[in-house]
Amino acid sequence: MNLHQEYNRSVKFLLVGDVSANKSRILSCVDEQNPNSNHVTTIGVDSKDHIIQFRQDCRVKLILWDTGGREHHLTIDDYLCRGVHVFCCVFSFTDQQSLEHLKVWVKDAKKKKDAGSQVIILGNHCLQPNLEVTNEEAQDFAMQNDVLFAAVDDTNYDTVRNALILALNHLPYLAPAVAPPAPANNRDQGGLCRIM
C-alpha cells in the first residue's frame, strides 16, 4: 500500500450552513492545499478525502462531506448524519444573517449527533475585508451553545487544517491509547480551552 493511502483512523465531517458561508470552498481548500477562486457551488452532496498526520502515531483519513441545496430548509437530512464524527456548522464573517441561521444549524446538529461526536462552528472569511460579524460575537455564540469554534478562511489552508485538528483533538474516538503523564506540579496543569 502506498504511504499516502495508509491511515490509522477515518473521521467523517459534515459541513452545513448557508450558501454565503462557502462550504464548497473550504472543501476545495483542504483538498488542494493551494486554493483558488475557481470553485463550483455544491448541489446535493459532495465529498473529499484527505489524509493528515494527526499525531506522531496516528494518520487520519478525513472524509469531508459538503451539503448543498438544503439552506432554505435549515435542517440536516437524517441520512447524512450516519457515521458523522464532527458536524461543522459554517457561517461567514461577511454575512450577519449566516450567523443568525447558525442557531438552527447548531441545534439540529446537537440533536442528531451521537455521543462522542462533536459540533464545531467554523467562521469562514476571517481574513476578508468588510466583516459583519466579530470574532468575539462568534466566540460568545459558541460558548453559549457549548460547542467548539474556529475562525477559518477558505483561501488559507493552515486556518482550515488547524480547525480540523481542533475538532480531532476533542474526539474521544481518537484519544491516545495511553494517557500522557501527569504534570510534575499542579501549577502546570492548565485548563481546557474550547475556543481557538
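Caption draft 1: How the structure looks around unusual backbone geometry. Not every positive phi belongs to a glycine, and H125 is a case in point at roughly 75°. Its identity is not glycine, yet D146 carries a phi of approximately 55°, on the positive side. Note that D146 resides in the loop between α4 (135-144) and β6 (148-151). A residue is classified by how much of its surface remains accessible, and D146, at 51% relative accessible area, is exposed.

Caption draft 2: Region of the structure containing empty space enclosed by the protein. Per the counting criterion, the structure on display carries 2 cavities of 30 Å³ or more. Within this model, the second largest cavity holds a volume of roughly 40 Å³. Contributing to the lining of the second largest cavity are L15, I26, L27, V30, L64, L122, V160 and L164. At the level of elements, α1 (23-32) and α5 (157-169) are the ones that each hand at least two residues to the lining of the second largest cavity. It is α1 that contributes the most residues to the lining of the second largest cavity, 3 residues altogether. Its residues placed into classes, the lining of the second largest cavity shows 8 nonpolar, no polar and no charged.

Caption draft 3: Geometry of the environment of V30. Along the polypeptide, V30 turns up in helix α1. Accessibility expressed as a relative area gives 3% for V30, which makes it buried. C-alpha separation for the pair V30 and R161, spaced 131 residues apart in sequence, amounts to 7.1 Å. Those residues in contact with V30 that sit more than four places away from it in its chain are H50, L64, Y157, V160 and L164.

Caption draft 4: Region of interest: the pairing of strand β4 (residues 86-92). With 7 of 7 residues buried, β4 is to be regarded as a mostly interior element. Of the two faces of β4, the one carrying V86, C88, V90 and S92 and the one carrying F87, C89 and F91 are both buried. As defined by bridge partners, strand β1 (residues 9-17) adjoins β4 across 5 bridges and the pair is classed as parallel. Bridge assignment links L15 to a residue of β4, and that residue is C88. One ladder, built from 7 bridges, connects β4 with strand β5 (residues 118-124); its direction is parallel.

The rules behind these values
- Residues numbered from 1 in each chain as written.
- Predicted model: local features only at pLDDT ≥ 70, side-chain atom pairs only at ≥ 80, totals over all residues.
- Heavy atoms only, no water.
- Helix = DSSP H or I, 4+ residues; strand = E, 2+ residues; numbered from the N terminus.
- Buried < 20%, exposed > 50% of the residue type's maximum accessible area, 1.4 Å probe, protein only.
- 1 Å grid on protein atoms, 1.4 Å probe; cavity = no way out; pocket = protein on both sides within 12 Å on 5 of 7 lines; lining within 4 Å.
- Points joined across faces, edges and corners; volume = space filled by probe spheres on them.
- Nonpolar A, V, L, I, M, F, W, Y, C, P; charged D, E, K, R; others polar.
- Contact = heavy atoms within 4.5 Å.
- Pairing = 2+ DSSP bridges.

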